[in-house]
Amino acid sequence: MSATGTQAGGATVKERAELALNNDFLRKAVKFTTERLRAGKENAAADHGNWDDWRERGRQIRLHTIAHLDYYLNLFADNARANGVHVHFADTAAEAVKISLDIAKHAQAKTVVKSKSMVTEELHLNHALEEIGVEAIETDLGEYIIQLAGETPSHIIIPAIHKNRYQIAELLSADAGETLAPDTQVLAGFVRRKLREKFLEADIGMTGCNFAIAETGSMVLFENEGNARMVTTVPKTQITLMGMERIIPSFADLEVMATLLPRSATGQKLTVYMSGITGPRRDADADGPEEMHIVIVDNGRSLQLGDPEFQELLNCIRCGACLNACPVYRHIGGHAYGGTYSGPIGAVLTPALKKNVAEWDDIANASSLCGACYEACPVKIPLHEMLIYLRRRKLEAGRGDKMEALGMKGFAAVMSNAKRYRAVVKLGQLGQKLVVRDGGIRVKLGPLKGWNTYRVTPSLPKASFRQQWKTMEEEIRHGLQDMDPAVKSRMEQIVKDRESGKGGHGHHG
């Protein structure tokens, strides 16, 4: 999957979604896993209690940190350097890649073992390493499967969410040179045995960063497989690629994040492994890298600073909860979004990092704007509102769809005039008789084509609400006559107060 906008050979989101919707394996696999993750998150949140209070605390930590990002980045860098870490700042993807390749060349590296990192996916770092003759090996099980398939992750947390165990068994059997049973223990066992050798041979260990602690210069990794601990302890050199927004002020703040992230991501009370790394190996340490580098990556993130509509985008803790909640993602999976990041966060983050360029215009339309992403987000990022902002910016830049604009003008003309509205409703009620079958409209013409390909448009009722109002009004009057006199008197008084202006804001009758 290409990582550029209307990418994939010029395909649009709609065209990529069409491919996904016709892939039964993908749809069943994505639906099964996202439903399990979503249910797990809801149960974990309910068991924890006071979930919205914790969400608000997480939001406040992130708002404060991003508002003072320059201070906390400098504090982190100073403390990390005092711990013996080489800290690098990269403004662009190209600069981050160059720094990483220079470190690999200096170490005369032949192999790099990697724990899960979306930033390295964003930078296409594996490909860059391969170009200079360095083998990059993904050690997270899902990432390893995706690497064998020659694909990019389709989920932030579960990269191979779109594949079932039979497809995975086929990939791993080809890698093993023998037929492996489509059994989770068998498949994981094979990968575990193979990767143990890679850990011991590797010259460099490469990781992402879940959180960086400004007060100590530590970086923290969350994982469930233990592979990140191998990556950060066995090779002599460690490189951590870190988005500049991954900072939090203190270990006290980490307690909040360690509560929110695993519950939101997978429904776990705690992540299986949480590693805090403060510098390279010391003289008394039994293991750890002799040399440690942290590359702090901007790559478009600073563009959101000071933007009242998009600065909160940097609050994201990469839990993937918005993907699991999104009805669009659950049907089309991650690759239909066309970039490194998918789902609601990807639909906003990708255009934001790319300066909202025209090639990413269509991605903001891959949403029903239902707000499920906001309800799921552990730090309350209003992604549904940001998608509206992106659509508005597209129109302001003169890149709107002409037919859509014409349709909205027609809608405004009808809805702003009661006579026109009534005439159009009557016309619709008469005209639909030609296409209504069994209470629905299934014809695939004009604007109904996309919708009716997968759904049925409901027919207009025989009588609209306005047309039914006179009958309903009479029924209400009769109901009022039968009402308890005391209740009726109170209701009439409330109406009088409102009409006279006494029932203003805060008045509860």
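Note that the structure is predicted; figures quoted are calculated from it, not measured. (Residues numbered from 1 in each chain as written. Predicted model: local features only at pLDDT ≥ 70, side-chain atom pairs only at ≥ 80, totals over all residues. Heavy atoms only, no water.)

### Brief notes about the sheet that holds strand S7 (residues 237-243)
Here comes step 1: Strands sit in the order S1-S10-S7-S4-S2-S3 across an open sheet of six strands; the sheet is parallel. Every other strand in the sheet has two partners, leaving strand S1 (86-90) and strand S3 (135-138) as the edge strands with one partner each. Strand after strand, the sheet turns through a mean of 20 degrees between neighbouring axes, direction not considered.
Here comes step 2: Sheet strands touched by helix H10 (residues 184-201): strand S2 (111-114) and S3. Its angle to S3, the strand with the most contacts, is close to 135 degrees. (Pairing = 2+ DSSP bridges. Helix = DSSP H or I, 4+ residues; strand = E, 2+ residues; numbered from the N terminus. Axes fitted to C-alpha atoms, helices over the stretch in contact; angles between N-to-C directions. Contact = heavy atoms within 4.5 Å.)

### Considerations on the pattern of salt bridges
Here comes step 1: For the structure on display, the rule yields 20 salt bridges.
Here comes step 2: Residues Asp 102 and Lys 98 are paired through a salt bridge, measuring 2.9 Å at the closest nitrogen-oxygen approach. One end of the pair is Asp 102 and the other is Lys 98, both in helix H5 (residues 93-106) and four residues apart, which spans about a single turn.
Here comes step 3: A salt bridge links Arg 393 to Glu 309, with the nearest nitrogen and oxygen atoms 2.9 Å apart. In this pair, Arg 393 is assigned in helix H17 (residues 383-396) and Glu 309 in the loop between strand S10 (291-297) and helix H13 (321-325), connecting sequence segments 84 residues apart.
Here comes step 4: When salt bridges with common partners are traced through the structure, they connect Glu 122, Glu 245, Arg 246, Arg 301 and Arg 318 into a single cluster. (Salt bridge = Lys/Arg side-chain N within 4 Å of Asp/Glu carboxyl O.)

### Side note on the confidence of the model for the protein chain
Here comes step 1: On average, the protein chain scores 90 in pLDDT, and the residues at 70 or more come to 96%.
Here comes step 2: Low pLDDT, under 50, characterises residues 1-9; the stretch is placed with 27 contacts to residues that sit more than four places away or in other chains.
Here comes step 3: Residue range residues 505-509 is modelled with pLDDT below 50. Its contacts to residues more than four positions away, or to other chains, number four contacts. (pLDDT = per-residue confidence, 0-100.)

### Here's the deal with the packing of helix H8 (residues 141-149) against helix H9 (residues 165-176)
Here comes step 1: At their nearest, the axes of H8 and H9 sit 10 Å apart, and the two run at 70 degrees to each other. Accordingly, the angle class assigned to the pair H8 and H9 is roughly perpendicular. From H8, Tyr 144, Ile 145, Leu 148 and Ala 149 reach across to H9, where they touch Ile 168, Leu 171, Leu 172 and Asp 175.
Here comes step 2: Tallied by class, the residues present in the contact of H8 with H9 amount to seven nonpolar, no polar and one charged. (Parallel < 35°, antiparallel > 145°, perpendicular 65-115°, else oblique. Nonpolar A, V, L, I, M, F, W, Y, C, P; charged D, E, K, R; others polar.)

### Quick notes on the side chain of Gln 238
Here comes step 1: Tracing the sequence through the fold places Gln 238 in strand S7.
Here comes step 2: The contact partners of Gln 238, leaving out residues within four places of it in the chain, are Gly 205, Thr 207, Met 219, Thr 232, Ile 277, Pro 289, Glu 291, Met 292 and His 293.

### What about the state of the cysteines?
Here comes step 1: Per the counting criterion, the structure on display carries zero disulfides.
Here comes step 2: Unpaired in terms of disulfides, Cys 373 finds its nearest cysteine sulfur in Cys 370, a separation of 6.4 Å. (Disulfide = S-S within 2.5 Å.)

### Some remarks on the side chain of Thr 33
Here comes step 1: You can see Thr 33 is positioned in helix H2 (residues 24-48).
Here comes step 2: We classify Thr 33 as buried; its relative accessible area is 10%.
Here comes step 3: Once residues within four sequence positions are removed from consideration, Thr 33 is found in contact with Ile 158 and Ile 161. (Buried < 20%, exposed > 50% of the residue type's maximum accessible area, 1.4 Å probe, protein only.)

### Let's talk about a positive patch on the surface
Here comes step 1: Taken together, the side chains of Lys 419, Arg 422, Lys 426 and Arg 466 define a basic patch exposed on the protein surface.
Here comes step 2: If you tally residues by element for the positive patch, the top one is helix H19 (residues 418-431), at three residues.
Here comes step 3: Checked against the element boundaries, Lys 426 lands in helix H19.
Here comes step 4: Since its relative accessible area comes to 49%, Lys 426 is described here as partly exposed. (Patch = residues over 30% accessible without salt bridge, like charges linked within 9 Å, V, L, I, M, F, W, Y side chains within 5 Å. Areas by Shrake-Rupley, 256 points an atom, 1.4 Å probe, with all protein chains shown as cover. Lys, Arg positive; Asp, Glu negative; His and termini not counted. Charge placed at Lys NZ, Arg CZ, Asp CG, Glu CD.)

### Overview of the sheet that holds strand S9 (residues 273-277)
Here comes step 1: Strand order in the open sheet made by the four strands is S8-S5-S6-S9, with mixed pairing throughout. Sheet topology places strand S8 (247-248) and S9 at the edges, where each strand pairs with a single neighbour.
Here comes step 2: Pairing of strand S5 (residues 211-213) with strand S6 (residues 218-223), which is carried by three bridges, proceeds in the antiparallel orientation. Counted as the bridge partner of Ala 212 is Met 219 from S6.

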